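# Results of the structural survey
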Amino acid sequence: MSRPLGPKPPGSTAQSSKVARWLGRVARVLVASPDYLDAFGRPEQPADLAEHEAIVTLTARGPDHLWRLTRGEREYTVGVRGRLRSTTLLANFRGALAGLGIALVPRWLAREALADERLELVLPHFEAPTIDLFAVYRARDRGSPVLTALVTSMRRALSR
């Protein structure tokens, strides 16, 4: 599914200058390095996160200081704080690897580091909300074979 985004550019006959194509839902997990958790303790409940160093994502709406988790039907919202703030999930992931705190990152990004024990899941019995991921591109590129291959590859990777 793709849909037009934004206003029609001046003089354009196209419905929109950009298109968003849904790629999939991304599961997120809380992670930290074993060294960080050995030094500062392993949270046992969501409220414990408030006492830890969080690696905070900076979004268009500002810092993501509220982390939402669920367990069964119960939802928890925890205010977190941290000195490391980033606009990229890759920087948050690398900060967690470096032992700088707890990060909320896509599961696919952390998969390998979890498997080889460079990172540990934090509060593994709780779930963070999934996020929808979209590819946004120029409408005039819609039929591009390269773009089609990229979007197909990304959708396949996200479905694993």
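Residues numbered from 1 in each chain as written. Predicted model: local features only at pLDDT ≥ 70, side-chain atom pairs only at ≥ 80, totals over all residues. Heavy atoms only, no water.

### Focus: the packing of aromatic side chains
Tallying each qualifying case throughout the model produces two aromatic pairs. Geometrically, the ring pair formed by Y36 and F40 is tilted, given 4.8 Å between the ring centres and 35 degrees between the ring planes. Remark: F40 and Y36 occur in helix α1 (residues 34-40); sequence separation between them is four residues, near one turn of the helix. The class of Y36 is buried, set by a relative accessible area of 4%. Given a relative accessible area of 57%, F40 falls into the exposed group. On the basis of an interplanar angle of 80 degrees and a centroid distance of 5.4 Å, the ring pair of Y76 and F126 is categorised as edge-to-face. In this pair, Y76 is assigned in strand β7 (residues 74-79) and F126 in the loop between β10 (120-121) and β11 (131-138), connecting sequence segments 50 residues apart. Assigned by exposure class, Y76 and F126 land together as buried. Seen from the ring of F126, R71 lies directly overhead, with NZ or CZ sitting 5.2 Å from the centre. (Phe/Tyr/Trp six-rings, centres within 6.5 Å; stacked < 30°, edge-to-face > 60°. Helix = DSSP H or I, 4+ residues; strand = E, 2+ residues; numbered from the N terminus. Buried < 20%, exposed > 50% of the residue type's maximum accessible area, 1.4 Å probe, protein only. Lys NZ or Arg CZ within 6 Å of the ring centre and 35° of its normal.)

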